[in-house]
Amino acid sequence: IHREYWLNVTDKVISPDGYLKTEGKVVNGSYPGPLIEACWGDDITIHVTNYLKTNGSTIHWHGLRQLHTNEADGVNGVTQCPIAFGDTFDYKFKALQYGHSWYHSHYSLQYPDGVAGPLLIHGPSSANWDEDWTPILISDWSHRSAFQDFYVELGNSTSGVLGREPTMQSIVLNGTGSYTCDPSTDKNCLPQNKRKPIFSKVFQQGKRYLLRLINASTESAFVFTIDNHVLEVISTDLVPIHPFKTESIHIGIGQRYSVIVEAKPSAPVQKDGNYWIRTVVSDGCGTINQSKPEIGVIRYNAGSTALPTSTNHTGLSTLCADEPPENLVPVVPWPVDHQAVNDVLNDTFEAFVSNNVTHGALRWDLTDTPLWLNFSNPTILNLGNTTWNPEYAIIQESYDRGYVYIVITTQAIRKDPSKNTHSVAAHPIHLHGHDFVILAQSNQTYDVSATPKTFNFNNPPRRDVALLPAGNTGGYLAIGFKPDNPGVWLLHCHIAWHASSGLAMQILERQSEILPTIPSLDPTRKTCKGWDKWLA
Ligand code: C2O
């Protein structure tokens, strides 16, 4: 079946948490944008028109493989030119995975201002639940534009202040939050009767609900709980896993979990029948000005409007870490042959995260080189260019035998104290075009000869975002993927400030097999026409 959608990106003053954000940017008039829905195997066409007055735009379909459709990945500077004002770009791809995810602008710092929405691909129905919720975006939220916040992150070396994570003001669940302010003294603060009601859902006793969670944040990782309820986790990102039960789940930026929650079988213990949904910012993974983790309500009494009096039932772990790998066991294992295991020692690409200063501003790098994308000359228009800079790209012309292994470490920051200009941060690392296996993830020092021998090849977790942990002496994340998707793919930290200041690299994969639908192979499409005037 062919599905078709039309998305318009526009400027709009919005107030999801009850406080005006004058520089909001939205999809089809709302934040979050509309749900994009399809069935497994469908062909999808999405027409994106940009009406932003001062920005280009592109939309990325986070986690979707884009097998042989690199040109639909939506990465400005990599897979396409920015969509200019009034122009439309048609994204065409196949739904090859099922589950939920999100779409977001991949044009500079645009998604934190509101250009994001949910995406759902229906899979085989072995439904083990009674009701499937529309995917919910949970995000940190700032009242300032992302570009204003970015200057805080970059800092200024002459004043001696470099790289402070900007403080966000609240957490919004599906575009609703409740910022505390005083409308009588602050004209941007909306009175209660002008605000959106808090997110709430009704549970019927004994029924099972499928919650599809998405962390769509700019800089924050969360711990998600529902007071007095157990979460049964059944997928990581777009990968079904053997279910495990927990009272809280840790969600890094860009990560998704599907979680089944069983309603209480009999009369609710809480006398008013209302329970808080809480999202706590994980320590060291973002800063929220106002700690108000109660962001939604589960009601057993549909008529009730009271706020819950429930108190949390578990000591929340706020350590900035991913879920432990032993919990995240894929239902369909990824076969890794022994030859591939041997390749690890000979053939691992090492990239380290470091801080540097350029023009007096903080910079985040991989391999000491920041990836600063050229908006008007994206990589996809330069395929075959032999002067490629190997410091920020891996060239895999043909890699039929095994896997690509990439180890990302935070060691450079520790080894060279002059680069340790920023407090140690964990980084949610995201790869485009693939799911990857997590071979190792640690807050210890990476030892080039010893650590690879400890890699886990026994049905390791598989997903598209994993946290690179930060410890006192180091930290590393080792991933592997099969290079079976010709194209140029971004690997980056999903903290928006870090990606924008350079913590990214491009993976040029099987260049000679990239299909002729790619614009660079069309001689009439060698530049981003009309962009020079914007960028001069
Ligand atoms: Cu969620 Cu490069 O993106």
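Just so it is clear, the structure is predicted and the values come from calculations on it, not from any experiment.

S.K.: Can you walk me through the domain arrangement of the chain in this structure?
M.R.: Size of an interface: often given as the accessible area lost when the parts come together. As far as domains go, the chain holds domain 1 (1-125), domain 2 (127-331) and domain 3 (333-535). Here the C-alpha centroids of domain 1 and domain 2 sit 22 Å apart. Secondary structure elements with two or more residues in the side of domain 1 that touches domain 2: β7 (99-105) and β8 (116-122).

S.K.: It is not clear to me how the sheet that holds strand β2 (residues 25-27) should be interpreted in this structure. Could you clarify?
M.R.: Two strands in a sheet stick together by hydrogen bonds in their backbones, pointing the same way (parallel) or opposite ways (antiparallel). Strands sit in the order β2-β1-β4-β6 across an open sheet of 4 strands; the sheet is mixed. The sheet terminates laterally at β2 and β6 (88-94), the two strands that pair on one side only. Ignoring strand direction, the axes of neighbouring strands in this sheet form an average angle of 20°. Bridge count for strand β1 (residues 2-11) against β2 is 3 bridges, and the pairing is antiparallel. Each residue of the ladder has a partner; that of Thr10, found in β2, is Val26.

S.K.: It is not clear to me how the nonpolar core should be interpreted in this structure. Could you clarify?
M.R.: Across soluble globular proteins, nonpolar side chains show a tendency to be buried alongside one another. With 120 residues, the main nonpolar core has Ile138, Leu213, Ile408 and Ile479 as its most contacted residues. Beyond its immediate sequence surroundings of up to four residues, Leu213 is in contact with Ile136, Ile138, Phe224, Ile251, Arg256, Tyr257 and Val259.

S.K.: What should I look at first to understand the environment of Asp186 in this one?
M.R.: Mapping Asp186 onto the fold places it in the loop between β11 (170-173) and β12 (199-202). Residue classification places Asp186 among the exposed residues on the basis of 11 C-beta atoms within 10 Å. When the C-alpha positions of Asp186 and Ser57 are compared, they lie 32 Å apart, and in sequence the two are 129 residues distant.

S.K.: Got a minute to help me understand unusual backbone geometry in this structure?
M.R.: Most peptide bonds are trans, and most residues other than glycine sit at a negative phi. That bond from Tyr31 to Pro32 is cis: its omega, -5°, falls within 30 degrees of zero. With respect to the helices, strands and loops of the structure, Pro32 is situated in the loop between β2 and β3 (36-39). In this model, Asn174 sits at a positive phi of 50°, which is unusual for a non-glycine residue. By secondary structure assignment, the location of Asn174 is in the loop between β11 and β12. When the 21 C-beta atoms within 10 Å are taken as the criterion, Asn174 is described as buried. You will see that Asn459, though not glycine, has its phi angle at about 45°, which is positive.

S.K.: Mind showing me how you'd approach the sheet that holds β7 here?
M.R.: Pairing in this open sheet of 4 strands is mixed, and the strands run β3-β8-β7-β5 from one edge to the other. Looking along the sheet, the strands with just one partner apiece sit at the ends: β3 and β5 (59-61). The mean angle between the axes of side-by-side strands here comes to 20°, regardless of whether they run parallel or antiparallel. In terms of strand pairing, β5 meets β7 through 3 bridges, oriented antiparallel. Residue Trp61 lies in a different strand from β7, and its bridge partner there is Tyr103.

What counts and what doesn't
Residues numbered from 1 in each chain as written. Predicted model: local features only at pLDDT ≥ 70, side-chain atom pairs only at ≥ 80, totals over all residues. Domains from an automatic or database assignment. Helix = DSSP H or I, 4+ residues; strand = E, 2+ residues; numbered from the N terminus. Pairing = 2+ DSSP bridges. Axes fitted to C-alpha atoms, helices over the stretch in contact; angles between N-to-C directions. Core = buried A, V, L, I, M, F, W, Y, C linked by C-beta atoms within 7 Å. Buried ≥ 20, exposed ≤ 12 C-beta atoms within 10 Å, placed from the backbone. Contact = placed C-beta atoms within 7 Å.

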